[in-house]
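Residue-level listing of the chains:
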Amino acid sequence: MSKIKNLLAPVLFLVPQIFFAQYTDVINSNRPGETMSAYAVGKSVIQAEIGVYGIKEKHDLLDYDGSGFGTDITLRYGAFLEKLEFVLDLEYQAEHFNTPYTSYKKNNFRQTVLGAKYLIYDPFKNYEKTKNIYSYKANHRFDWHSLIPAVSVFAGANFVGADNPYSFSPQSSISPKIALITQNLFGDGRWVFVTNIIADYITTDYPSYGYVLTLTHGFNDKWSGFVENQGYKSDFYSDAIIRGGAAYLINPNLQVDASLSTNFKNTPSIFYGGVGVSWRYDASYKEKQMEFKADRKARKNDDNLKDPKDKKETDYQEQERKRKSKYE
C-alpha cells in the first residue's frame, strides 16, 4: 500500500497508510456526519466521538410542535486485527411537546447499538500510483483507480429498554443491525465519498432500511466541510434528511465540528443543529509501531555487522553442496 499524503487532516474519513494499517497520522472521525467510514481506527487505538444538539419539530397534521436537546456518544476501539473495529453508539434525547389541548415530555435513549466493523477490501493495498517525470498532464489526469471503493461490513445489535417512548413497542428487545460501507477517494484525497446501506431492527415487526451518502472536501490541513443525504423507510417511520457542516483539526488527536440538518416534509418537519468533539488515544499503537521499527533496524544492523567475506564464503559452500548433491 502506498503512503498517501494526508491532505484531509480534519476530514471525517481518512485513508490507511504504511504497514497495511488502518491507523492514520491524524484522527479518523465519523463526525459530524452519520456515515461510518470504511477504515478502522487502528489496532489498540481508542477513540471517543461526542456531540450535543438542539432539535425543533412541528407536525402540521397532528398539530403539535416540540423542542429539545440530545447527546450522542460513539466509542471506537481497534482490537485483534488492523481491519477490525468495535463500536458502541449511544444517543439520548429529551423533548417537550405542545398541542392545542395539552403538553407533555419524553426522554430516553433513541439508539443503543453495539457491534463490529471489518474491512473486507482495500483498493490501496499493494497499489502504488506511478509517476511520469516527463509529463505534468499524465500525472494530473483522472485516476480511474479511485473509482474502486474500499468496502467494509458492519454487524451489531440494537438494545431497546421497556417503555421507551422512541420505540414502536413497549417491550424491551434486542434486534440485529447490518450495514455495507463503501468509500472512494478523489483528487489526491481532497474529496471523499462514503456510502452506507443499512438494514436495521431486522427481526422486529418494523424493520427499517436506509442509506447515507456523504461527500467531504478538505480545504486545507485544518478545515474540511461536508454535505450529506440520509434516507430511511419503515412502516413505523420514514424520512429523508439533508445535512451539512464543517470540522476543524486542533491537533492530530483532537477535532471539533458543527453541523445543521433538516428534512423535506411537514409530518413532522425537523430542524436540528449541533456541535461535537472527537478525541483519540493512540499511545499504545505508537509504542508498538516504534518497537516494530526498532526490530527492523536491529535486524538491518546485524546484517551490516556481518563480514562480507563470511557471507560470500557461506554462499559458496552452500552452492557447492547443492552442486555435489546432484551427482551423488
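Our subject is the structure that appears above.
Worth saying up front: this structure is predicted, and the values here are computed from it rather than measured.

(A) Structural view of the nonpolar core. Grouped together as the largest cluster of nonpolar side chains are 14 residues, with contacts concentrated most on Ala38, Tyr39, Leu119, Ala150, Phe154 and Ile181. In terms of residue count, the dominant contributor to this core is strand 6 (residues 173-186) (three residues). Among all residues touching alanine 38, those that are not within four sequence positions of it are Lys117, Leu119, Ala150, Ser152, Ile181 and Gln183.

(B) Representation of the pattern of salt bridges within the structure. Summed over the entire model, instances satisfying the criterion amount to seven salt bridges. Two residues, lysine 117 and glutamate 85, come together in a salt bridge whose shortest N-O distance is 3.6 Å. Taken together, the residues span a long stretch of sequence, with lysine 117 in strand 4 (residues 103-121) and glutamate 85 in strand 3 (residues 84-98) at a distance of 32 residues. The class for glutamate 85 is buried, based on a relative accessible area of 1%. Aspartate 282 is paired through a salt bridge with arginine 280; the nearest N and O atoms lie 3.5 Å apart. Taken as a pair, aspartate 282 and arginine 280 share a single burial class, namely buried. Several salt bridges converge on common partners, so that one network encompasses Glu49, Arg76, Glu85 and Lys117.

(C) Focus on the side chain of glutamate 85. Side-chain polar atoms of glutamate 85 contact the backbone nitrogen of valine 41, separated by 2.9 Å. When sequence neighbours within four positions are dropped, the list of residues in contact with glutamate 85 reads Tyr39, Ala40, Val41, Arg76, Tyr77, Gly78, Gly115, Ala116 and Lys117.

(D) Just the sheet that holds strand 9 (residues 223-233), in detail. Read around the closed barrel, the twelve strands follow the order 1-2-3-4-5-6-7-8-9-10-11-12; overall the barrel is antiparallel. For this sheet, the mean angle separating the axes of adjacent strands, direction not counted, is 20 degrees. When strand 11 (residues 254-263) meets strand 12 (residues 269-281), the two strands line up antiparallel, connected through nine bridges. Paired with serine 261 across the bridge in strand 12 is tyrosine 272.

(E) Highlighting the packing of aromatic side chains. With the rule as written, the count across this model stands at twelve aromatic pairs. Where phenylalanine 168 meets phenylalanine 236, the ring centres are 5.5 Å apart and the plane angle is 70 degrees; that geometry is what we call edge-to-face. One end of the pair, phenylalanine 168, is in the loop between strand 5 (150-160) and strand 6; the other, phenylalanine 236, is in the loop between strand 9 and strand 10 (239-251), and 68 residues separate them in sequence. Exposure remark for phenylalanine 236: the relative accessible area of 43% places this residue in the partly exposed category. Consider the rings of tyrosine 232 and tyrosine 237, whose centres lie 6.1 Å apart with planes at 40 degrees: the pair is tilted. Owing to a relative accessible area of 25%, tyrosine 232 belongs among the partly exposed residues under this scheme. Among the aromatic side chains, those forming a connected cluster through ring pairs are Phe168, Tyr201, Tyr206 and Phe236.

(F) Quick peek at the environment of tyrosine 104. Residue position: tyrosine 104 is located in strand 4. Assessed through its relative accessible area of 36%, tyrosine 104 is described here as partly exposed. When the C-alpha positions of tyrosine 104 and glycine 66 are compared, they lie 9.4 Å apart, and in sequence the two are 38 residues distant. Apart from residues lying up to four places away in sequence, tyrosine 104 is in contact with Glu95, His96, Phe97 and Thr99.

(G) Spatial organisation of the environment of glycine 244. Within the secondary structure, glycine 244 is located in strand 10. Overall, glycine 244 belongs to the partly exposed group, its relative accessible area being 24%. Spatially, the C-alpha atom of glycine 244 lies 6.1 Å from that of glutamate 228, the residues being 16 residues apart in sequence. Among all residues touching glycine 244, those that are not within four sequence positions of it are Phe226, Val227, Ala258, Ser259 and Leu260.

(H) Main features of unusual backbone geometry. Cis peptide bonds are those with omega within 30 degrees of zero, and the linkage from arginine 31 to proline 32 qualifies with 0 degrees. For aspartate 63, which is not glycine, the phi torsion reads 55 degrees and is therefore positive. Residue placement: aspartate 63 occurs in the loop between strand 1 (46-59) and strand 2 (64-78). Located in the positive-phi region is tyrosine 201, a residue other than glycine, with phi close to 50 degrees. Relative to the helices and strands, tyrosine 201 resides in the loop between strand 7 (191-200) and strand 8 (208-218).

(I) Highlighting the pairing of strand 6. Sheet topology note: the strand 5/strand 6 ladder contains eleven bridges and is antiparallel. For phenylalanine 159, the partnering residue across the bridge sits in strand 6 and is isoleucine 174. The pairing of strand 6 with strand 7 spans nine bridges and is classified as antiparallel. Looking at the pairing, glutamine 183 lines up with valine 194 of strand 7. A loop of four residues connects strand 6 with strand 7, the two strands running antiparallel in sequence, and glycine 187 in this loop sits at a positive phi of about 60 degrees.

Procedures and definitions
- All chains use their own residue numbering, which begins from 1 and follows the written sequence.
- Reporting in this predicted model follows two pLDDT cut-offs: at least 70 for local features of residues, and 80 or more for side-chain atom pairs to be given and counted; totals over whole chains, interfaces and linings ignore these cut-offs and use all residues.
- Computation of side-chain values covers all heavy atoms of the structure but excludes hydrogens and water.
- In plain words, nonpolar cores are sets of buried Ala, Val, Leu, Ile, Met, Phe, Trp, Tyr and Cys residues tied together by side-chain atoms within 4.5 Å.
- For every residue, the accessible area obtained with a 1.4 Å probe (protein chains only) is divided by the maximum for its type, and the residue is called buried under 20%, exposed over 50%, and partly exposed between those limits.
- In this text, helices come from DSSP runs of H or I with a minimum length of four residues, and strands from runs of E with a minimum of two, each type numbered from the N-terminal end.
- What makes two residues a contact is simply this: any of their non-hydrogen atoms within 4.5 Å.
- What counts as a salt bridge is simple: a side-chain nitrogen of Lys or Arg found within 4 Å of a carboxyl oxygen of Asp or Glu.
- Within 3.5 Å is the distance limit for a polar contact, defined as a pair of N or O atoms, with the added protein rule that one can donate a hydrogen and the other accept it, and that residues adjacent in sequence qualify only through two side-chain atoms.
- Strands were regarded as paired on the criterion that DSSP finds at least two bridges between them.
- Here, axes are lines fitted to C-alpha atoms. For helices the fit covers the stretch in contact, and angles between N-to-C directions go from 0 to 180 degrees.
- Two aromatic rings from Phe, Tyr or Trp, using only the six-membered ring of Trp, form a pair when their centres are within 6.5 Å; if the ring planes differ by under 30 degrees the pair is stacked, by over 60 it is edge-to-face, and anything between is tilted.

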